[in-house]
Structures are given as structure tokens and as C-alpha cells.
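Read off the chains here:
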Amino acid sequence: MAALALALCAGIARADPRTVRDWADQAVLVHRVTKSACLMFVSSATPVHAQDVIASSADLIRLVQTGDPPDPMLATNLDTLTRSAQQIAAGDRHSVPVSLLLKTNPILTAHYRDMGQSAPSGVQPPHSEAFALVQHLRVVSQGFQRDLCLFLTDLAPSGADRALAELIDSFDTALDQLVVGDDAIGVVAAPNIHIKVTL
């Protein structure tokens, strides 16, 4: 994990080239790591989920190490998240790794949400805003799976039911915007009936 911190702390400050998809890829993996660690408490297929914790953590660290400019705070929180999840996957179900995992996930979620909102889409208009919405839906759908597991294990924090309801509203709104368009935020409607039906 020291390599992760060094990779993020090295170099000089420069404009961030990462796109909304780059941030969404990391946010999805943060939720997946948390979800897979949570499933260790409720599923009989613990080796499968343990392996997913390890693989998703490795993928997440790889993505972050390629990021530029460095972000020491992000490195610290990701180190906490992945270490805690891997402890749980290894059989440590004590309160310390669990509480660290549950404390760090929302911090990272908020960080990725903020970074994604300010990042370039990497897609030319008129589809740039629709592309950003698709990335938002990717993150939210993985967040649903994480939250479902947390509720099943009684690990969901206070107020999680309200947060989940807001997440569902956000998902429904984004889906409607993709189908019919939203001039206020620059989202064009889905171009044909086949895409609308798929959405």
C-alpha cells in the first residue's frame, strides 16, 4: 500500500486530465469492494466474495496509481478501505475493520461524486451530458447492491434508508432525462425508440 501513497504523492500539481468515466470507474470499484466484503457476512459463497474483494481492490489501486495529479487524501482513504475489506475477506469480522470500511465508503463516495461533477466528459456535444448521466447510473446501480447487502446484515448506518430513497429518486430522474432529454442540463433525448425501450 505504500506504493499507492507514493504514486499519488509524487510529482507536481497540474491540470487533472481524468474524465467523468475515470472517476466513475473508481467509484464503482469502491462500492464493489464494500459490497463484496459485506457479502462475507451473509453468503455461503465466501471464497467467491473474498476473491472479488482482492481483485476489485487490485483494480482500484491500479486505476488510482495511474491518476495524475496525485491526491494524498484519496490515497489514505483508499488504503483504509481496501485494507479493511481485505481483513474482512481474510476472516476478521471484528468491529474495527468493519467500522473503518463503513466509515470510509461514504467519504470516498462523496469525493468521487464531487470530482465526477467537475470532470470533463471526454465526449463531444451534444451527447456529453448524456454520457455523464450514464456514468452516474453505473455508480448508483453498484451503490444499490452495496446498500442492499448492508441492510441484510444490519450494518447499514443510521439514516441509510433515507439516503437509499434519495439514491432511487436520483436514479429514476437520470433515467427519465436520458429517455426524454432535459434542456436545462443539456441532455438530448435518446435518438430512437430502440434505445428508449432499452433504457
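Residues numbered from 1 in each chain as written. Predicted model: local features only at pLDDT ≥ 70, side-chain atom pairs only at ≥ 80, totals over all residues. Heavy atoms only, no water.

## A word on the environment of Leu178
Residue position: Leu178 is located in helix H7 (residues 160–180). Along the primary structure Leu178 and Ala190 are separated by 12 residues, whereas in three dimensions their C-alpha atoms are 6.1 Å apart. (Helix = DSSP H or I, 4+ residues; strand = E, 2+ residues; numbered from the N terminus.)

## Description of a nonpolar patch on the surface
The grouping of Phe41, Val42, Leu148 and Leu152 at the surface amounts to a nonpolar patch, some 370 Å² of accessible area in total. By secondary structure assignment, the location of Leu152 is in helix H6 (residues 128–152). (Patch = residues over 30% accessible without salt bridge, like charges linked within 9 Å, V, L, I, M, F, W, Y side chains within 5 Å. Areas by Shrake-Rupley, 256 points an atom, 1.4 Å probe, with all protein chains shown as cover. Salt bridge = Lys/Arg side-chain N within 4 Å of Asp/Glu carboxyl O.)

## Focus: the pattern of salt bridges
Going through the model one piece at a time under the given rule, you end up with 5 salt bridges. Between Arg62 and Asp59 there is a salt bridge, with the nearest N and O atoms lying 4.0 Å from each other. Taken together, the positions of Arg62 and Asp59, both in helix H3 (residues 46–65) and 3 residues apart, correspond to about one turn of that helix. Of the residues examined, Asp59 reaches a relative accessible area of 33% and is grouped as partly exposed. Taking the shortest distance from any N to any O, the salt bridge between Arg83 and Asp79 comes out at 3.0 Å. (Buried < 20%, exposed > 50% of the residue type's maximum accessible area, 1.4 Å probe, protein only.)

## Side note on H6
Helix length check: H6, at 25 residues, gives a terminal C-alpha distance of 37 Å against a target of 36 Å (1.5 Å per residue), a fit within 8%. Residue Asp154 follows H6 closely and has a positive phi angle near 60°. (Expected span 1.5 Å × (residues − 1).)

## Description of the state of the cysteines
Scanning the model with the defined rule gives 1 disulfide in all. A sulfur-sulfur separation of 2.1 Å characterises the disulfide bridge that pairs Cys38 with Cys149. Between Cys38 and Cys149, the S-S dihedral sits near -100°, and the bridge is therefore left-handed. Highlighted residues: Cys38 in helix H2 (residues 20–39) and Cys149 in helix H6, separated in sequence by 111 residues. Classification of Cys149 as buried rests on a relative accessible area of 2%. (Disulfide = S-S within 2.5 Å.)

## Observations regarding the packing of H2 against helix H4 (residues 72–89)
Interhelical geometry of H2 versus H4 gives an angle of 30° and a closest axis separation of 9 Å. By the criterion of interaxial angle, the relationship of H2 to H4 is roughly parallel. As H2 runs across H4, the sense of the crossing is left-handed. Residues Trp23, Gln26, Val30, Val33, Thr34 and Ala37 of H2 pack against Leu74, Leu78, Leu81, Ala85 and Ile88 of H4. (Axes fitted to C-alpha atoms, helices over the stretch in contact; angles between N-to-C directions. Parallel < 35°, antiparallel > 145°, perpendicular 65-115°, else oblique. Left-handed = near helix turned anticlockwise from the far one by under 90°. Contact = heavy atoms within 4.5 Å.)

Distances and angles like these do not, on their own, reveal function.
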